[in-house]
Amino acid sequence: MNTLLSIETRNAVLLTMAELLEQERAAIIKINKTDLDAYNGDDISMYDRLKVDDSKVDEMIASVTHLASQADPVGIERFSFKHDNGMQVYNKTASFGSVLIIYESRPDVTVEAAGIAFKSGNKILLKGGKESLKSNLKIVELWHQALKSNGASTEWVEYLQFNRTETQAFLEKPTQKLDLIVPRGGERLIAFVKEHANCPVIISGRGNNFLYVHNEADLDIALKVIINAKTAKISGCNALDKVLIDKNLPNKEAFIKTLISKLKEFNVQILGDSYISKFDNVEAIQSDDIWYKEFLDYKIAIAEIESNEATIAMINKYSGGHSSSIITTNNAVAETFMENVDTAAVYHNASTRFTDGSQLGLGGELAISTDKLHQRGPIGLQHLVTNKWFIHGNGQIR
């Protein structure tokens, strides 16, 4: 087992990594181009996540630089207690040990998620998808350079070149210590990991995010938020998939026509319930199963709904537990919605696209958890720790 690196060494590795990412910027983008050219699928969201350009490299550099500036999450005192027998008791944060990150198509995860786990004092095992192999190996090579130049073992960051069968065998009978697994990807990947893992798993689940246009909504805000949440980044798990429009919304028909027109400017496929499908450019929803689906595509489903209460019930039945938003000028209605909708993030008059570690003040994220243990929503540096009890005595017995 690797002994915990000092915070000074961990920070130095992160800052060296930032320098190397800048130095090797052109090489990373060139190598990523070979991964992009080799990708022969038709999944546009997968392609979008796979692509590395200058702005993606900028984000990688910003991520590790910010991590280096943050306080050490390990060893923070959470609780202390002086026992009446004289023992001094402390509860402090502690690293997990070894964290396995399994992910698809996103070379930036090789920097951002690995950086968060590393800063938290963990050994990192990375298992990326075959579609991003060359990009990932180049970035891991930079991790190893950063570690070596700061006198740290390259064992702190390890890339696992396993196929599906080898990955299953490793999950069921790990050949090295494994304390936590974080799968980042589609529902099939997450189900595969949950089925075969023999240690705790943080579920970074599906999006399938809903937005409710209440009958006291500011319609300009509603249009702006829906278009942003749906079209700004269709590959994001925080993108919008479903819109519910209050049946008593004033100027409802005019609003719906405007919304359809604006969505069509972005070539969004629009699916509608029996009411919405009467409008031009809308296809009728054929099955209620559509309400469970995360699209990750230029596709949206829209329905009319009775009330805030009906909306809450519908979201709690169908959503992925990720993000939801209400557009209303009525603060009491918004509060009822936000308190009762069972998603990791709830919004009032804002886009679901902000469910992201950097946007919510964490400086980055390991994953966005749709589980309720041990952390919900974006998992940042301060959340990737467990805890440990430290008890100091001088011979006390019970």
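Structure: see above.
Residues numbered from 1 in each chain as written. Predicted model: local features only at pLDDT ≥ 70, side-chain atom pairs only at ≥ 80, totals over all residues. Heavy atoms only, no water.

## Details of the nonpolar core
So, step 1. Residues Met 17, Leu 21, Ile 101, Leu 126, Trp 143 and Leu 366 are the most contacted members of the largest nonpolar core, which totals 46 residues.
So, step 2. When residues of this core are traced back to their parent elements, those giving at least two are helix H1 (7-23), helix H4 (54-69), strand E3 (98-103), helix H5 (109-119), strand E4 (123-127), helix H6 (133-149), strand E5 (157-159) and strand E6 (180-184).
So, step 3. In terms of residues, this core owes the most to one element, H5, which gives seven residues.
So, step 4. Once residues lying within four places of it in the same chain are set aside, the contact partners of Leu 366 are Ile 101, Ala 113, Ile 116, Ala 117, Val 182, Arg 184, Ile 379 and Leu 384. (Core = buried A, V, L, I, M, F, W, Y, C linked by side-chain atoms within 4.5 Å. Buried < 20%, exposed > 50% of the residue type's maximum accessible area, 1.4 Å probe, protein only. Helix = DSSP H or I, 4+ residues; strand = E, 2+ residues; numbered from the N terminus. Contact = heavy atoms within 4.5 Å.)

## Focus on the packing of aromatic side chains
So, step 1. In this structure the tally under the stated criterion is nine aromatic pairs.
So, step 2. Centre to centre, the rings of Phe 118 and Trp 143 are 6.1 Å apart; their planes meet at 55°, and the pair counts as tilted. Highlighted residues: Phe 118 in helix H5 and Trp 143 in helix H6, separated in sequence by 25 residues.
So, step 3. You can call Phe 118 buried: its relative accessible area is 0%.
So, step 4. With a relative accessible area of 0%, Trp 143 lands in the buried category.
So, step 5. Aromatic ring contacts, followed pair by pair, group Phe 118, Trp 143 and Trp 156 into a single cluster.
So, step 6. If you follow Lys 92 out to its NZ or CZ, it ends over the ring of Tyr 90, 5.5 Å from the centre. (Phe/Tyr/Trp six-rings, centres within 6.5 Å; stacked < 30°, edge-to-face > 60°. Lys NZ or Arg CZ within 6 Å of the ring centre and 35° of its normal.)

Keep in mind these values describe shape, not function.
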